[in-house]
Amino acid sequence: MFIFWGTFGAPVPVDLTDGSEHWATDDAYVKVNYDTTSFTSHDDNTMICESSGRQTCMDDLPEELFIEVLLRLPVKSLLRFKVVCKAWRSHILNRKFVERHNVRTTANPGNDYFIAHNSCSDYNKFCAISRNSLHKPIGLNLPIAASVSGDECSVVGSCNGLICLDYKRGIRRHTTSRNRTTNVYLWNPATGKVKDLRRYSIDISACYDDFCVSLGFGFELASRDYKVLRIVRNKKSSVTRVEVYSLKKNSWKEIAVELKYRLWTFVYPAFVKGSLYWDLNERNLLLFDVQNEEFCTILLPPDSWCGVREVFELKESVAFANLFDLRSKDIAIWTLDENSCWIQKWSIRKPFDRGSSIVGYLKTGEYVGRNRYDDLVLYDFASEAIKPIEPKMHTLGVYNYSESLVFLN
């Protein structure tokens, strides 16, 4: 008999040597045997399968109960279970199941990772770092051809476990314009899959040097669709064209919008609650509504019109940080409330010496900083706690991350 004891908490993996997978929770634990495609449930004192003399197969479980078990498993386990049988594969590949699993994983406080982009060896070096284990980064394999001198890989954005990459080839080599390209990819580190998005509606491959390309990445909640924004500006004529990629439709489409602002190629927007936000280095933020596919601007606080600035997500709100000058240790942080009014949340002291820098801000209310010796630390806005990050790495940026089952087919 399969038994749930109370409410399941976050599953914790337990290593077994008998070819099975075992997940412990607060009140019970579940063992999945790959050879017999069966489940075994135990409480803290009794092994149910031994006391009953049998194991309970999947077909004996109510469908709702079986799905609840799957929802509590990590992506790595689900990918293995996908090949056990057709019924399991059907459940795991179901779009509604993927969405439910993604919502649950994102809300799980134990899923506390962020991605660090490390440039020590090459531009493809990424690792996932847990806030609970800052000294144990997990290397991530990016299945794209290894970069060579002159190629640059940048992170456009991270959303629900998917990462959008801007891969520029031949930028620093002595190559012709025709051989220089900007390739856009979607990458799911948890599944190891990458999707190439190079079939653009706006083709500039024949005269790459004549254009500036800006990118953004976000998620449309209403349609459960991931979208990539591509803004192409002609340097000579200043004509700007805009196109949007839809993962659900697997295609690009050009949209008719009027955009008079110039965006930097290497400056990527923050995605917060359905919109992309760029700092225009003026008195405004540029906003793109991912669902309505429209642009507008938001006026910044008057006291923030100068200094080193950055837009980011902070606990599901749009946040704006201002380091008044490079020598200053004061960082002002505002958030945008529901009435589109800026509220200064913190005025904090940068806890570093001269020559230090801020690598990036995280939505949890922390930022990663680097001192002049390239040591990284995690700094909490509210508690002012400082935690070292090891080993030493020259990090280009940090990005919010939670593992996801979203497939890129």
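Everything in this summary refers to the structure shown in the same document. It should be emphasised that the depicted structure is a prediction, and the values quoted were computed from it without experimental measurement.

Let us look at the overall build of the chain. Of regular secondary structure, the chain possesses five helices and 29 strands. Across the 409 residues of the chain, 51% fall into the buried class. Contacts spanning at least 24 positions in sequence make up 45% of the contacts within the chain whose residues lie at least 6 apart. Within the structure as shown, the chain displays about 20,600 Å² of accessible surface, and the carbon and sulfur contribution to it stands at 48%.

On the basis of which strands lie adjacent, the open sheet formed by four strands has the order β25-β26-β27-β28 and antiparallel pairing. The strands lining the two open edges of the sheet, one partner per strand, are β25 (357–362) and β28 (386–389). Going from strand to strand, the sheet's axes swing by 25 degrees on average, the running direction of each strand aside. Across five bridges, β25 lies against strand β26 (residues 366–370) in antiparallel orientation. Note on β26: the bridge partner recorded for G360 is V368.

Core analysis: the biggest nonpolar cluster contains 54 residues, and L186, F217, V228, L229, W278, F288 and F295 have the highest contact counts within it. Residues within four places of L229 in sequence aside, it is in contact with S214, L215, G216, V242, E243, V244, L276, W278, F288 and F295.

Let's shift gears to the packing of helix α2 (residues 63–71) against helix α5 (residues 95–107). The interhelical angle for the contact between α2 and α5, taken along N-to-C directions, is 50 degrees, at an axis separation of 10 Å. The angle between α2 and α5 falls in the class oblique. In the packing of α2 onto α5, the handedness of the crossing is right-handed. The residues of α5 that touch α2, namely those facing I67, E68, L70 and L71, are F97, R100, H101 and R104. When grouped by side-chain class, the residues that make up the contact of α2 with α5 number four nonpolar, one polar and three charged.

Summed over all chains, the structure comprises 12 salt bridges. A salt bridge links E220 to K227, with the shortest nitrogen-to-oxygen separation between them at 2.6 Å. When sorted by exposure, E220 lands in the same class as K227, which is buried. Its salt-bridge partner being K253, residue E293 comes within 3.4 Å of it at the nearest N-O pair. In this pair, E293 sits in the loop between β19 (284–289) and β20 (294–299) while K253 sits in strand β16 (residues 251–255), placing the two residues 40 residues apart along the sequence.

Time to look at the pairing of β19. Burial analysis of β19 places five of its six residues in the buried class, which makes it a mostly covered element. As judged from the five bridges shared by strand β18 (residues 275–279) and β19, these two strands associate in the antiparallel manner. From the neighbouring strand, Y277 faces β19, where its bridge partner is L287. What sits between the antiparallel neighbours β18 and β19 is a turn of four residues, in which N281 has the positive phi angle 60 degrees. For β19 and β20, the ladder comprises six bridges, and the chain directions are antiparallel. Among the inter-strand pairings, L285 is bridged to a residue of β20, identified as I298. Between β19 and β20, which pair antiparallel one after the other, the connecting turn spans four residues, and E293 there sits at a positive phi close to 55 degrees.

Definitions and cut-offs
Residues numbered from 1 in each chain as written. Predicted model: local features only at pLDDT ≥ 70, side-chain atom pairs only at ≥ 80, totals over all residues. Heavy atoms only, no water. Helix = DSSP H or I, 4+ residues; strand = E, 2+ residues; numbered from the N terminus. Buried < 20%, exposed > 50% of the residue type's maximum accessible area, 1.4 Å probe, protein only. Contact = heavy atoms within 4.5 Å. Areas by Shrake-Rupley, 256 points an atom, 1.4 Å probe, with all protein chains shown as cover. Pairing = 2+ DSSP bridges. Axes fitted to C-alpha atoms, helices over the stretch in contact; angles between N-to-C directions. Core = buried A, V, L, I, M, F, W, Y, C linked by side-chain atoms within 4.5 Å. Parallel < 35°, antiparallel > 145°, perpendicular 65-115°, else oblique. Left-handed = near helix turned anticlockwise from the far one by under 90°. Nonpolar A, V, L, I, M, F, W, Y, C, P; charged D, E, K, R; others polar. Salt bridge = Lys/Arg side-chain N within 4 Å of Asp/Glu carboxyl O.

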